[in-house]
Amino acid sequence: MKMLTAKQIRTRIWLIFAVFLGLCVWAALYFQQQSKQLLGSNFTALVVDVMQAQEDVHVLKRSLSYLKADSPFFDIQELEKAKIRIQYRIPIIDRKVRASVIDSRVYEPYLTKLSAVGAALPDMIKRIQRSNQDSENRSLLITQLTKIELDMAVSYSELHHIIQAASDIERRRKDQLLLLIWGLISAVFIVGSALLATLTRLYFHKEELTIQNNLDHLTQLPNRRYISEKAQAIIGWRPAQIGFAIIDLDLFKKINDLYGHPAGDEVLKHIADILNHHIVEPNLVARIGGEEFCVLFLNLSQQQVMTLCEEIRVAVEEAKLKVNNSVMIHITLSIGLYYHEGERQTTFSQIYQYADQALYLAKKQGRNRLVLHDNAIVH
Ligand SMILES: Nc1nc2c(ncn2[C@@H]2O[C@H](COP(=O)(O)OP(=O)(O)OP(=O)(O)O)[C@@H](O)[C@H]2O)c(=O)[nH]1
């Protein structure tokens, strides 16, 4: 995984956040606008109203045909009832159409015609009632009533058509809205996943940095910083038994000089392997400097710690380390050991100092040996 700098990660998170916020604001505005448009338009109810009103047109048409034929079926009462229904329905339809989202320029001519019909109809019916004997006047009334019937039929039919078209548009808009909602949900999901991925990356980045900060790159052992912090914390708990050994390779400079620096590096790795092999948890091993290692022993008696140190010393002494793919190197090491038992208030630097003093003695007394602080030379 390619490592991103903290600044790059922060920039990415802000970018994702900005995109996400932008999307949310846009979606909120869009929904607000759409819901405003959809409010107040109940096209289904309107279509039903218009269809019922069209039945009045049929009644009018039938009465008209009886009137024309001078039929005995002509019933002025039926025409009266139709008039009442028509006068009742026209204002309702007018109000509902005007409340809808339909452009007023589209419906206005038909509503005007209908209101004219509503206004003219009562007078027309009165005149029909009075015109029984006057046949000339009667034919004029039939012509006017035919026009009214035609105006009504055309207006309702056109309104029906307009409302149907608006209803289709509304349905399409709802579909688009639904699609948009799904799109937004997907976007939220994608943005959320991207954010999560970035955060995970950030977390691993931090973990990696922590590991890198605490690890010696050559030997992959914990480094001085790690052991110092860890040992300081452990010593703070005042463990009953604590031992600390500084392990220093003898005359290591010679190896570098004779076989080269890379060979010296190989030796250091071999030593790290031997230490790793002998030291198990809860004891801790680390590389604290060039050719210097250390071990923190916990919950072991002094004898056990000294035996372990001796085992390490002997293991290195007896090992033949292969470097440069051929040369077998022989090396030894010196160990300065500090040990105490029973609760004691001390610090890591104090313990380190004691172990270092013991190491100094080990070197001074001829190397390849273990020296316990307080001058107790073991080997
Ligand atoms: N190859 C290699 N050499 C290193 C590294 N770090 C330190 N050294 C070398 O380790 C050598 C340590 O030399 P000295 O401090 O003189 O100690 P010494 O030769 O081991 O002698 P004594 O400690 O007195 O036994 C130096 O030559 C350093 O250059 C490393 O990471 N790799």
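For the chain, an unreviewed UniProt entry supplies the name diguanylate cyclase and the organism Marinomonas pontica. Quoted verbatim from the Catalytic activity (unreviewed entry) field of the UniProt record, the comment on the chain reads "2 GTP = 3',3'-c-di-GMP + 2 diphosphate".

## Points about the overall build of the chain
For the chain, the count of helices and strands is 10 helices and 8 strands. A buried classification covers 40% of the 379 residues belonging to the chain. For the chain, contacts bridging at least 24 residues in sequence account for 73% of all contacts bridging at least 6. When the accessible surface of the chain is summed, it comes to about 21,800 Å², and 58% of that surface belongs to carbon and sulfur atoms.

## Structural notes on the site of the ligand
Lining the immediate surroundings of the ligand are 16 residues, of which L251, F252, N256, D265 and R287 lie closest. Within the side chain of D248, a nitrogen or oxygen atom sits 3.1 Å from an oxygen atom of the ligand. In this structure, N256 approaches the ligand through a side-chain N or O atom, which is 2.8 Å from a nitrogen atom. For the ligand, whose free accessible area comes to 660 Å², the fraction covered by protein is 66%. Going through the elements one at a time, β1 (241-249), α7 (252-259) and α8 (261-278) are the ones with two or more residues in the shell around the ligand. Here the shell around the ligand takes 4 residues from α8, the largest share from any one element. Split into classes, the residues belonging to the shell around the ligand amount to 4 nonpolar, 4 polar and 8 charged.

## Overview of the pairing of strand β6 (residues 333-341)
The element β6 is largely enclosed, with a buried count of 8 among its 9 residues. Sheet topology note: the β1/β6 ladder contains 9 bridges and is antiparallel. The residue bridging I242 from the neighbouring strand is H340, located in β6.

## Section: the UniProt feature "transmembrane region" (unreviewed entry) in the chain
Those residues carrying the UniProt feature "transmembrane region" (unreviewed entry) are residues 12-31 and 177-204 in this numbering. Across residues 12-31, helical content stands at 100% and strand content at 0%; the span's end C-alpha atoms are separated by 28 Å. Annotated as 100% helix and 0% strand, the span residues 177-204 places its first and last C-alpha atoms 40 Å apart.

## Re the nonpolar core
Formed by 36 residues in total, the largest nonpolar core has its most connected members in V267, I271, F297, I331 and L337. Those elements that provide at least two residues to this core are β1, α7, α8, β3 (292-298), α9 (302-318), β4 (321-323), β6 and β7 (370-372). What I331 contacts, discounting residues up to four positions off in sequence, is L249, D250, F252, I255, V267, I271, V316, E317 and L321. Core analysis: the next-biggest nonpolar cluster, separate from the first, contains 35 residues, Y110, L145, I148 and I163 among them.

## A few points about the pairing of β3
When you tally the buried positions in β3, you get 7 out of 7 residues, the bulk of the element. Of the two faces of β3, both are covered, the one formed by E292, C294, L296 and L298 as well as the one formed by F293, V295 and F297. Here β1 pairs with β3 via 7 bridges, running antiparallel. Along β3, the bridge assignment pairs F244 with L296. Here strand β2 (residues 284-287) runs beside β3; their pairing, made up of 4 bridges, is antiparallel. Within β3, the position partnered with L284 by the bridge is L296. Linking β2 back to β3 in an antiparallel pair, the connection comprises 4 residues.

## Some points on the packing of aromatic side chains
Scanning the entire structure with this criterion turns up 6 aromatic pairs. Seen in terms of ring centroids, Y66 and F73 are 5.9 Å apart; in terms of plane orientation they differ by 45°. Their pairing is tilted. Judged by relative accessible area, Y66 falls into the partly exposed class, the value being 24%. An angle of 65° between the planes, with centres 5.7 Å apart, marks the rings of Y203 and F204 as edge-to-face. According to the relative accessible area criterion, Y203 is partly exposed, its value standing at 47%. Under the relative-accessibility criterion, F204 is labelled partly exposed at 43%.

## Examining unusual backbone geometry
If a residue is not glycine, its phi is most likely negative; likewise, a peptide bond is most likely trans. The linkage connecting E281 with the following residue, P282, adopts the cis geometry, with an omega of 10°. For P282, the location among the structural elements is in the loop between α8 and β2. Not every positive phi belongs to a glycine, and D70 is a case in point at roughly 55°. Note that D70 resides in the loop between α2 (43-68) and α3 (76-99). For D70, a relative accessible area of 56% puts it in the exposed group. Here the phi dihedral of R367 falls at roughly 70°; this positive angle occurs in a residue that is not glycine. Here R367 is to be found in the loop between α10 (348-364) and β7. Relative accessible area serves as the criterion here: at 32%, R367 is assigned to the partly exposed category.

Procedures and definitions
Residues numbered from 1 in each chain as written. Predicted model: local features only at pLDDT ≥ 70, side-chain atom pairs only at ≥ 80, totals over all residues. Heavy atoms only, no water. UniProt positions renumbered as here; feature names shortened; annotations may be inferred. Helix = DSSP H or I, 4+ residues; strand = E, 2+ residues; numbered from the N terminus. Buried < 20%, exposed > 50% of the residue type's maximum accessible area, 1.4 Å probe, protein only. Contact = heavy atoms within 4.5 Å. Areas by Shrake-Rupley, 256 points an atom, 1.4 Å probe, with all protein chains shown as cover. Near = heavy atom within 4 Å. Polar contact = N/O pair within 3.5 Å; in protein donor to acceptor, adjacent residues only side chain to side chain. Nonpolar A, V, L, I, M, F, W, Y, C, P; charged D, E, K, R; others polar. Pairing = 2+ DSSP bridges. Core = buried A, V, L, I, M, F, W, Y, C linked by side-chain atoms within 4.5 Å. Phe/Tyr/Trp six-rings, centres within 6.5 Å; stacked < 30°, edge-to-face > 60°.

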